[in-house]
Amino acid sequence: MKTIICLTALSLLTACNTPPSRITPDYSNVKVTSDCARAEKELRRVDAALSTQRNQLETDANVDRGIVAGSIALMPIALVSLAFTGNKELQAEYARNLAKQETLQDLLSTCN
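The structure contained in this document is the topic of the report that follows. Computed from a predicted structure; not experimentally measured. (Residues numbered from 1 in each chain as written. Predicted model: local features only at pLDDT ≥ 70, side-chain atom pairs only at ≥ 80, totals over all residues. Heavy atoms only, no water.)

Examining the overall build of the protein chain
Consideration 1: Secondary structure summary: the protein chain contains 4 helices and 0 strands in total.
Consideration 2: When burial is assessed residue by residue, the protein chain has 29% of its 112 residues classed as buried.
Consideration 3: Contacts in the protein chain between residues at least 24 apart in sequence constitute 91% of all its contacts with a sequence separation of at least 6. (Helix = DSSP H or I, 4+ residues; strand = E, 2+ residues; numbered from the N terminus. Buried < 20%, exposed > 50% of the residue type's maximum accessible area, 1.4 Å probe, protein only. Contact = heavy atoms within 4.5 Å.)

Here is the structure:
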């Protein structure tokens, strides 16, 4: 029984999706144009991508919450389900897009 409890705790701490509100921008590789017209177009593209990514990350986080809530009765199934959740690539792309969005917004504030 202790093993099951430990495995459950470990899976909950490592496999759950991070909600978008807890993802911080990643400025490590942000490159933007200094042309204001191109920056406006790029900002619209980034805003649309962020909206799609935010919705997917929220959905994934909600699914994980449901799995955790249902794990009391179906613990072995929940452990397997949580092992297949988590989209680190999407979270990383979302963090990069957040940084790009903020950088573009700062640039555009100087254009007007």
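Let us keep going from here.
Focus: the state of the cysteines
Consideration 1: All chains considered together, the criterion is met by 1 disulfide.
Consideration 2: Here C36 is linked by a disulfide to C111, with a sulfur-sulfur distance of 1.7 Å. Note on the C36 and C111 pair: the S-S dihedral is about -80°, so by sign convention the disulfide is left-handed. Placement of the pair is C36 in helix α2 (residues 36–70) and C111 in helix α4 (residues 88–111), with a sequence separation of 75 residues. (Disulfide = S-S within 2.5 Å.)

Quick word on the nonpolar core
Consideration 1: I23, A39, L50, L57, Y94 and L104 are the most contacted members of the largest nonpolar core, which totals 13 residues.
Consideration 2: Sorting the residues of this core by element identifies α2 and α4 as the ones contributing at least two each.
Consideration 3: Broken down by element, this core gets its largest block of residues, 7 residues, from α4.
Consideration 4: When near neighbours in sequence (up to four residues on either side) are disregarded, L104 contacts V32, A39, E42, L43 and V46. (Core = buried A, V, L, I, M, F, W, Y, C linked by side-chain atoms within 4.5 Å.)

Geometry only, nothing functional implied.
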